[in-house]
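Residues per chain are reported as follows:
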Amino acid sequence: MAKLKTGRHTSALKAHRQSATHAEHNLKIRSKIRTLARKVEAAVAGKDAKSAKALLNEAFAAWDKAAKTGIIHWRAASRKKSRLAHRVDDLAAAAKA
């Protein structure tokens, strides 16, 4: 890259480019997490315990990875995982009863 006339701003310009790239990447991951959560909710609504359990494990992995990399707060991930798990457990308990 050619040196700009305002040379002291080149690092700010690069940081801005990086922030845009990171924001786009984080948005994709948040979207994936929300999609997985909706799939679990749909499985619970459809009373499909086996599918819900499998999707729950996939959602847990996605929440954990996003929390580990700082895309979402670890407590938010824990809270949402807990709520999904309770719904799946209630479905499993209802199926046994």
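Below is a short write-up of the structure. Note that the structure is a prediction, hence the values are computed from the model and not measured.

Concerning the environment of Thr 69
Part 1: With respect to the secondary-structure elements, Thr 69 resides in the loop between helix 2 (49–68) and helix 3 (74–96).
Part 2: Polar side-chain contacts of Thr 69 include one of 3.0 Å to the backbone oxygen of Lys 65.
Part 3: At a separation of 3.3 Å, a polar atom in the side chain of Thr 69 contacts the main-chain carbonyl oxygen of Ala 66.

Points about the environment of Ala 66
Part 1: You can see Ala 66 is positioned in helix 2.
Part 2: Sequence-wise, Ala 66 and Lys 47 are 19 residues apart; in three dimensions their C-alpha atoms are separated by 28 Å.
Part 3: Not counting the four nearest positions on each side in its chain, Ala 66 is found in contact with Ile 29, Ile 33, Ile 71 and Ile 72.

Some words on the environment of Asp 48
Part 1: Within the element layout of this structure, Asp 48 appears in the loop between helix 1 (10–45) and helix 2.
Part 2: According to the relative accessible area criterion, Asp 48 is partly exposed, its value standing at 37%.
Part 3: Placed 12 residues apart in sequence, Asp 48 and Leu 36 show a C-alpha to C-alpha distance of 15 Å.
Part 4: Those residues in contact with Asp 48, other than ones at most four positions away along the chain, are Ala 43 and Leu 91.

Examining the packing of helix 1 against helix 3
Part 1: Where helix 1 contacts helix 3, the axes come no closer than 10 Å and their chain directions differ by 20°. By the angle class used here, helix 1 and helix 3 are roughly parallel. The chirality of how helix 1 crosses helix 3 is left-handed. Of the residues in helix 3, those touching helix 1 at Ala 37, Val 40, Glu 41, Ala 43 and Val 44 are Leu 84, Arg 87, Val 88 and Leu 91.
Part 2: Partitioned by chemical class, the residues of the contact of helix 1 with helix 3 number seven nonpolar, no polar and two charged.

Cut-offs applied
- Residues numbered from 1 in each chain as written.
- Predicted model: local features only at pLDDT ≥ 70, side-chain atom pairs only at ≥ 80, totals over all residues.
- Heavy atoms only, no water.
- Helix = DSSP H or I, 4+ residues; strand = E, 2+ residues; numbered from the N terminus.
- Polar contact = N/O pair within 3.5 Å; in protein donor to acceptor, adjacent residues only side chain to side chain.
- Contact = heavy atoms within 4.5 Å.
- Buried < 20%, exposed > 50% of the residue type's maximum accessible area, 1.4 Å probe, protein only.
- Axes fitted to C-alpha atoms, helices over the stretch in contact; angles between N-to-C directions.
- Parallel < 35°, antiparallel > 145°, perpendicular 65-115°, else oblique.
- Left-handed = near helix turned anticlockwise from the far one by under 90°.
- Nonpolar A, V, L, I, M, F, W, Y, C, P; charged D, E, K, R; others polar.

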